[in-house]
Amino acid sequence: MATDFKSIPIIDISPLVAKCDDPKRVQDPDVLEVVGQLDQACREAGFFYVKGHGIPDSLIKDVKNVSHKFFDLPYEEKMKIKLSPAAGYRGYQRIGENITKGIPDMHEAIDCYREITPGMYGALGRVIEGVNQWPHDPPYIKVLMEEYISFCTDLSRKIVFPNTNGQNAPENDIGCGAHTDYGLVTLVNQDDGITALQVRNQSGEWISAPPIPGTFVCNIGDMLKIWSNGIYDSTLHRVINSSPKYRVCVAYFYEPNFDAAVEPLDVCKEKTGGIKKFGKAVYGEHLASKLETNFV
Ligand SMILES: N=C(N)NCCCC[C@H](N)C(=O)O
Ligand SMILES: O=C(O)CCC(=O)C(=O)O
Ligand SMILES: [Fe+2]
(Lines give C-alpha, C1' and ligand atoms only; values in the text may rest on other atoms or scores of the structure.)
(Ligands and ions follow the chains in the order given, each with its own letter.)
Protein backbone atom coordinates (compact mmCIF):
# COMPACT_ATOMS: atom_id res chain seq x y z
CA MET A 1 0.00 0.00 0.00
CA ALA A 2 1.34 3.43 -0.92
CA THR A 3 1.80 5.92 1.94
CA ASP A 4 0.18 9.34 2.19
CA PHE A 5 2.68 10.91 -0.17
CA LYS A 6 1.76 14.40 -1.43
CA SER A 7 4.38 14.72 -4.14
CA ILE A 8 6.46 12.46 -6.33
CA PRO A 9 10.25 12.58 -5.76
CA ILE A 10 12.78 13.46 -8.48
CA ILE A 11 15.89 11.28 -8.38
CA ASP A 12 19.14 12.05 -10.19
CA ILE A 13 20.38 8.60 -11.19
CA SER A 14 23.53 9.76 -13.01
CA PRO A 15 25.93 7.97 -10.58
CA LEU A 16 24.09 4.72 -11.27
CA VAL A 17 24.22 5.25 -15.03
CA ALA A 18 27.93 6.19 -14.94
CA LYS A 19 28.95 3.16 -12.87
CA CYS A 20 26.53 0.50 -14.08
CA ASP A 21 29.31 -1.63 -15.59
CA ASP A 22 31.70 -1.20 -12.66
CA PRO A 23 31.84 -4.42 -10.60
CA LYS A 24 32.67 -2.32 -7.51
CA ARG A 25 29.55 -0.15 -7.88
CA VAL A 26 27.84 -1.76 -4.88
CA GLN A 27 30.48 -0.19 -2.61
CA ASP A 28 30.37 3.22 -4.27
CA PRO A 29 28.87 5.83 -1.89
CA ASP A 30 27.25 7.84 -4.72
CA VAL A 31 25.62 4.73 -6.17
CA LEU A 32 24.45 3.64 -2.71
CA GLU A 33 22.92 7.07 -2.14
CA VAL A 34 20.87 6.72 -5.37
CA VAL A 35 19.83 3.16 -4.49
CA GLY A 36 18.65 4.42 -1.09
CA GLN A 37 16.57 7.14 -2.74
CA LEU A 38 15.02 4.67 -5.20
CA ASP A 39 14.22 2.26 -2.37
CA GLN A 40 12.51 4.99 -0.35
CA ALA A 41 10.48 6.22 -3.36
CA CYS A 42 9.39 2.67 -4.19
CA ARG A 43 8.24 2.07 -0.61
CA GLU A 44 6.45 5.39 -0.20
CA ALA A 45 4.85 6.11 -3.55
CA GLY A 46 5.74 3.43 -6.09
CA PHE A 47 6.25 6.41 -8.40
CA PHE A 48 9.29 8.64 -8.99
CA TYR A 49 10.84 10.84 -11.66
CA VAL A 50 14.32 10.02 -12.93
CA LYS A 51 16.74 12.60 -14.31
CA GLY A 52 20.35 12.11 -15.36
CA HIS A 53 19.22 8.94 -17.17
CA GLY A 54 21.46 9.40 -20.21
CA ILE A 55 18.83 8.90 -22.94
CA PRO A 56 19.33 11.63 -25.57
CA ASP A 57 16.83 14.45 -25.23
CA SER A 58 16.45 14.60 -29.04
CA LEU A 59 15.30 10.94 -29.16
CA ILE A 60 12.83 11.51 -26.30
CA LYS A 61 11.33 14.43 -28.27
CA ASP A 62 11.42 12.63 -31.64
CA VAL A 63 9.33 9.66 -30.42
CA LYS A 64 6.64 12.05 -29.19
CA ASN A 65 6.70 14.03 -32.45
CA VAL A 66 6.39 10.90 -34.57
CA SER A 67 3.52 9.70 -32.36
CA HIS A 68 1.66 12.98 -32.90
CA LYS A 69 2.20 12.56 -36.66
CA PHE A 70 0.68 9.08 -36.61
CA PHE A 71 -2.32 9.92 -34.43
CA ASP A 72 -3.04 12.99 -36.66
CA LEU A 73 -3.64 10.65 -39.62
CA PRO A 74 -7.21 9.88 -40.72
CA TYR A 75 -8.96 7.01 -38.92
CA GLU A 76 -8.92 4.75 -42.03
CA GLU A 77 -5.14 5.11 -42.27
CA LYS A 78 -4.63 4.18 -38.61
CA MET A 79 -6.98 1.19 -38.93
CA LYS A 80 -4.60 -0.36 -41.49
CA ILE A 81 -2.62 -1.69 -38.52
CA LYS A 82 -5.60 -2.57 -36.36
CA LEU A 83 -4.94 -4.48 -33.12
CA SER A 84 -6.56 -7.91 -32.88
CA PRO A 85 -6.17 -11.13 -30.89
CA ALA A 86 -4.93 -12.77 -34.12
CA ALA A 87 -2.15 -10.17 -34.32
CA GLY A 88 -1.07 -11.00 -30.76
CA TYR A 89 -2.79 -7.85 -29.43
CA ARG A 90 -0.32 -5.69 -31.38
CA GLY A 91 -1.18 -2.59 -33.38
CA TYR A 92 -3.63 0.30 -33.30
CA GLN A 93 -6.52 0.49 -30.83
CA ARG A 94 -9.17 3.16 -31.44
CA ILE A 95 -10.60 5.48 -28.77
CA GLY A 96 -12.84 3.48 -26.40
CA GLU A 97 -11.42 0.10 -27.38
CA ASN A 98 -9.34 -0.50 -24.23
CA ILE A 99 -11.51 -1.18 -21.20
CA THR A 100 -10.54 -0.53 -17.59
CA LYS A 101 -12.86 -1.84 -14.85
CA GLY A 102 -15.70 -2.10 -17.35
CA ILE A 103 -15.42 1.47 -18.68
CA PRO A 104 -14.00 2.27 -22.14
CA ASP A 105 -10.85 4.40 -21.99
CA MET A 106 -10.89 7.64 -24.00
CA HIS A 107 -7.49 7.08 -25.52
CA GLU A 108 -6.09 5.63 -28.73
CA ALA A 109 -2.79 3.77 -28.83
CA ILE A 110 -0.34 1.57 -30.69
CA ASP A 111 0.74 -1.42 -28.60
CA CYS A 112 3.85 -3.44 -29.32
CA TYR A 113 5.68 -6.22 -27.51
CA ARG A 114 8.77 -8.34 -27.92
CA GLU A 115 8.12 -10.42 -31.04
CA ILE A 116 7.16 -14.04 -30.36
CA THR A 117 7.48 -16.73 -33.04
CA PRO A 118 4.91 -19.56 -33.19
CA GLY A 119 5.62 -22.24 -30.60
CA MET A 120 8.29 -20.20 -28.84
CA TYR A 121 6.51 -20.54 -25.50
CA GLY A 122 4.24 -23.46 -26.36
CA ALA A 123 0.55 -23.20 -25.44
CA LEU A 124 1.30 -20.50 -22.87
CA GLY A 125 2.57 -18.09 -25.52
CA ARG A 126 -0.12 -18.54 -28.13
CA VAL A 127 -2.06 -15.35 -27.20
CA ILE A 128 0.96 -13.15 -27.72
CA GLU A 129 2.53 -14.79 -30.79
CA GLY A 130 3.14 -12.32 -33.60
CA VAL A 131 5.23 -9.50 -34.98
CA ASN A 132 4.71 -5.83 -34.27
CA GLN A 133 2.49 -3.79 -36.58
CA TRP A 134 4.33 -0.55 -37.33
CA PRO A 135 2.69 2.29 -39.26
CA HIS A 136 3.79 2.66 -42.90
CA ASP A 137 3.55 6.40 -42.37
CA PRO A 138 5.66 8.08 -41.09
CA PRO A 139 8.17 5.60 -42.57
CA TYR A 140 10.96 6.13 -40.02
CA ILE A 141 8.72 5.35 -37.00
CA LYS A 142 9.87 1.70 -36.72
CA VAL A 143 13.59 2.45 -36.64
CA LEU A 144 13.10 5.35 -34.25
CA MET A 145 10.92 3.39 -31.85
CA GLU A 146 13.21 0.36 -31.89
CA GLU A 147 16.16 2.58 -31.04
CA TYR A 148 14.10 4.12 -28.21
CA ILE A 149 13.04 0.70 -26.90
CA SER A 150 16.65 -0.44 -26.79
CA PHE A 151 17.65 2.64 -24.73
CA CYS A 152 14.66 2.13 -22.41
CA THR A 153 15.51 -1.54 -21.85
CA ASP A 154 19.06 -0.63 -20.80
CA LEU A 155 17.81 2.14 -18.53
CA SER A 156 15.18 -0.05 -16.88
CA ARG A 157 17.81 -2.69 -16.11
CA LYS A 158 19.92 -0.05 -14.41
CA ILE A 159 16.95 1.07 -12.31
CA VAL A 160 15.53 -2.33 -11.37
CA PHE A 161 18.54 -4.41 -10.57
CA PRO A 162 20.29 -2.43 -7.83
CA ASN A 163 16.96 -1.98 -6.18
CA THR A 164 16.01 -5.53 -5.75
CA ASN A 165 18.66 -5.94 -3.51
CA GLY A 166 -7.07 16.73 -9.18
CA GLN A 167 -9.79 17.87 -10.14
CA ASN A 168 -13.06 16.12 -11.18
CA ALA A 169 -13.74 15.75 -14.87
CA PRO A 170 -16.66 14.32 -16.81
CA GLU A 171 -16.54 10.58 -17.32
CA ASN A 172 -15.75 10.78 -21.00
CA ASP A 173 -12.54 12.66 -20.22
CA ILE A 174 -10.95 9.63 -18.57
CA GLY A 175 -8.13 8.77 -20.94
CA CYS A 176 -7.28 5.70 -18.92
CA GLY A 177 -9.12 4.45 -15.85
CA ALA A 178 -7.44 3.53 -12.57
CA HIS A 179 -5.11 0.57 -13.01
CA THR A 180 -1.72 -0.81 -12.03
CA ASP A 181 0.92 -1.77 -14.60
CA TYR A 182 1.69 -5.44 -15.08
CA GLY A 183 5.44 -5.88 -15.23
CA LEU A 184 8.47 -4.57 -13.31
CA VAL A 185 8.90 -0.89 -14.09
CA THR A 186 7.32 1.60 -16.54
CA LEU A 187 9.08 4.60 -18.10
CA VAL A 188 6.55 7.31 -18.99
CA ASN A 189 7.61 9.89 -21.61
CA GLN A 190 4.73 12.38 -21.75
CA ASP A 191 4.04 15.57 -23.71
CA ASP A 192 5.29 18.78 -22.12
CA GLY A 193 2.79 21.32 -20.84
CA ILE A 194 -0.16 19.04 -20.04
CA THR A 195 -0.80 17.54 -16.60
CA ALA A 196 -2.92 14.40 -16.95
CA LEU A 197 -1.29 11.47 -15.14
CA GLN A 198 -2.51 11.04 -11.55
CA VAL A 199 -1.30 8.68 -8.83
CA ARG A 200 -3.37 7.49 -5.86
CA ASN A 201 -2.02 7.72 -2.33
CA GLN A 202 -3.12 5.72 0.71
CA SER A 203 -5.89 8.17 1.63
CA GLY A 204 -7.32 7.86 -1.87
CA GLU A 205 -6.23 11.35 -2.99
CA TRP A 206 -5.10 11.68 -6.58
CA ILE A 207 -1.63 13.27 -6.78
CA SER A 208 -0.67 14.73 -10.17
CA ALA A 209 2.51 13.71 -11.95
CA PRO A 210 3.05 16.70 -14.28
CA PRO A 211 5.63 16.44 -17.07
CA ILE A 212 9.09 17.60 -15.98
CA PRO A 213 11.38 18.16 -19.00
CA GLY A 214 14.44 15.92 -19.00
CA THR A 215 12.83 13.29 -16.77
CA PHE A 216 10.87 10.06 -17.06
CA VAL A 217 8.09 9.20 -14.64
CA CYS A 218 8.81 5.68 -13.37
CA ASN A 219 6.37 3.40 -11.67
CA ILE A 220 6.34 -0.08 -10.27
CA GLY A 221 4.41 -2.94 -11.81
CA ASP A 222 2.68 -5.99 -10.33
CA MET A 223 5.69 -8.31 -10.74
CA LEU A 224 7.99 -6.09 -8.64
CA LYS A 225 5.35 -6.23 -5.90
CA ILE A 226 5.63 -10.03 -5.92
CA TRP A 227 9.45 -10.12 -6.12
CA SER A 228 9.74 -7.68 -3.21
CA ASN A 229 7.13 -9.63 -1.17
CA GLY A 230 5.06 -6.46 -0.92
CA ILE A 231 7.86 -4.13 0.29
CA TYR A 232 7.06 -2.29 -2.94
CA ASP A 233 3.55 -2.00 -4.28
CA SER A 234 2.25 -1.36 -7.78
CA THR A 235 0.51 1.99 -7.33
CA LEU A 236 -2.88 2.76 -8.88
CA HIS A 237 -2.81 5.53 -11.46
CA ARG A 238 -5.10 7.04 -14.11
CA VAL A 239 -5.01 9.60 -16.90
CA ILE A 240 -7.37 12.58 -17.22
CA ASN A 241 -6.50 15.18 -19.82
CA SER A 242 -8.71 18.19 -19.05
CA SER A 243 -6.81 20.48 -21.42
CA PRO A 244 -8.15 21.08 -24.92
CA LYS A 245 -4.87 19.81 -26.41
CA TYR A 246 -4.21 16.33 -27.82
CA ARG A 247 -1.67 14.58 -25.57
CA VAL A 248 0.70 11.73 -26.35
CA CYS A 249 2.51 9.51 -23.88
CA VAL A 250 5.14 7.04 -25.04
CA ALA A 251 5.10 4.43 -22.28
CA TYR A 252 7.80 1.75 -22.13
CA PHE A 253 7.00 -1.30 -19.98
CA TYR A 254 9.97 -3.28 -18.65
CA GLU A 255 8.61 -6.75 -17.98
CA PRO A 256 9.88 -10.24 -17.08
CA ASN A 257 10.22 -12.84 -19.83
CA PHE A 258 6.92 -14.35 -20.89
CA ASP A 259 7.71 -17.73 -19.31
CA ALA A 260 9.34 -16.32 -16.16
CA ALA A 261 8.03 -17.72 -12.86
CA VAL A 262 7.96 -14.78 -10.47
CA GLU A 263 7.87 -15.33 -6.70
CA PRO A 264 9.04 -13.42 -3.62
CA LEU A 265 12.86 -13.23 -3.40
CA ASP A 266 14.33 -14.83 -0.25
CA VAL A 267 16.12 -11.60 0.68
CA CYS A 268 12.78 -9.74 0.64
CA LYS A 269 10.96 -12.50 2.48
CA GLU A 270 13.51 -12.28 5.31
CA LYS A 271 12.88 -8.53 5.61
CA THR A 272 9.13 -9.04 5.94
CA GLY A 273 8.87 -11.57 8.75
CA GLY A 274 9.77 -14.66 6.74
CA ILE A 275 6.29 -15.19 5.35
CA LYS A 276 5.68 -15.43 1.63
CA LYS A 277 2.80 -13.05 0.84
CA PHE A 278 2.35 -14.09 -2.78
CA GLY A 279 2.46 -17.38 -4.61
CA LYS A 280 4.29 -18.01 -7.86
CA ALA A 281 3.01 -16.13 -10.93
CA VAL A 282 3.95 -16.96 -14.50
CA TYR A 283 4.30 -13.55 -16.15
CA GLY A 284 2.79 -14.68 -19.45
CA GLU A 285 -0.37 -15.86 -17.70
CA HIS A 286 -0.74 -12.51 -15.94
CA LEU A 287 -0.23 -10.55 -19.18
CA ALA A 288 -2.53 -12.84 -21.17
CA SER A 289 -5.34 -12.49 -18.61
CA LYS A 290 -5.08 -8.70 -18.92
CA LEU A 291 -4.98 -8.70 -22.73
CA GLU A 292 -7.95 -11.03 -22.94
CA THR A 293 -10.09 -8.75 -20.76
CA ASN A 294 -8.82 -5.34 -21.95
CA PHE A 295 -10.52 -5.61 -25.33
CA VAL A 296 -13.81 -7.41 -24.75
N1 LIG B 1 -1.85 1.27 -24.48
C2 LIG B 1 -2.18 0.60 -23.43
N3 LIG B 1 -2.39 -0.66 -23.60
N4 LIG B 1 -2.28 1.20 -22.20
C5 LIG B 1 -3.41 1.37 -21.40
C6 LIG B 1 -3.66 0.28 -20.40
C7 LIG B 1 -5.03 0.50 -19.84
C8 LIG B 1 -5.29 -0.30 -18.64
C9 LIG B 1 -6.01 -1.61 -18.92
N10 LIG B 1 -7.29 -1.40 -19.54
C11 LIG B 1 -6.22 -2.36 -17.61
O12 LIG B 1 -7.33 -2.43 -17.09
O13 LIG B 1 -5.23 -2.91 -17.10
O1 LIG C 1 -0.58 8.41 -20.27
C2 LIG C 1 0.11 8.22 -19.28
O3 LIG C 1 0.78 9.13 -18.75
C4 LIG C 1 0.22 6.84 -18.63
C5 LIG C 1 -0.44 5.74 -19.41
C6 LIG C 1 -0.55 4.47 -18.62
O7 LIG C 1 -0.71 4.50 -17.42
C8 LIG C 1 -0.42 3.16 -19.31
O9 LIG C 1 -0.41 3.10 -20.55
O10 LIG C 1 -0.31 2.14 -18.60
FE1 LIG D 1 -0.28 2.54 -16.53
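Residues numbered from 1 in each chain as written. Chains lettered and ligands numbered in written order. Predicted model: local features only at pLDDT ≥ 70, side-chain atom pairs only at ≥ 80, totals over all residues. Heavy atoms only, no water.

S.K.: Quick one: what's the story with the sheet that holds strand S8 (residues 185-190), residue by residue and with numbers?
M.R.: Strand order in this open sheet of five strands is S1-S2-S11-S8-S13, and the pairing throughout is mixed. Single-partner strands in this sheet number two, and they are strand S1 (10-12) and strand S13 (249-254). Each strand axis lies, on average, 30° off the axis of its neighbour in the sheet, ignoring direction. Bridging between S8 and strand S11 (residues 216-220) involves four bridges; their strand directions are antiparallel. When the sheet's bridge partners are listed, Val188 is paired in S11 with Val217. Running at roughly 160° to S1, helix H2 (residues 29-44) makes contact with S1, strand S2 (47-51) and S11 of the sheet. Across the sheet, helix H3 (residues 57-71) touches S8, S11 and S13, and the angle it forms with S8 is around 70°. (Pairing = 2+ DSSP bridges. Helix = DSSP H or I, 4+ residues; strand = E, 2+ residues; numbered from the N terminus. Axes fitted to C-alpha atoms, helices over the stretch in contact; angles between N-to-C directions. Contact = heavy atoms within 4.5 Å.)

S.K.: Help me get a handle on the site of ligand 1, residues and values and all.
M.R.: Around ligand 1, the neighbouring residues are Gln93, Asn98, Ile99, Thr100, Asp105, His107, Ala109, Asp111, Cys176, His179, Tyr182 and Asn294. Here a nitrogen atom of ligand 1 sits 2.6 Å away from a polar atom, N or O, in the side chain of Asn98. The side chain of Asn294 places a nitrogen or oxygen atom 3.1 Å from a nitrogen atom of ligand 1. For ligand 1, the accessible surface in isolation is 380 Å², of which the surrounding protein chains cover 83%. Elements with a contribution of two residues or more to the shell around ligand 1: strand S4 (99-100), strand S6 (109-111) and strand S7 (174-179). (Near = heavy atom within 4 Å. Polar contact = N/O pair within 3.5 Å; in protein donor to acceptor, adjacent residues only side chain to side chain. Areas by Shrake-Rupley, 256 points an atom, 1.4 Å probe, with all protein chains shown as cover.)

S.K.: I'd like a description of the confidence of the model for the chain, backed by residues and values.
M.R.: Considering every residue of the chain, the mean pLDDT works out to 94; 96% of them sit at 70 or more. Taken together, the stretch residues 164-171 has pLDDT below 50 and engages in 11 contacts with residues farther than four places along the chain or on a different chain. For this predicted complex, the interface confidence reaches an ipTM of 0.97, while the overall pTM sits at 0.93. (pLDDT = per-residue confidence, 0-100.)

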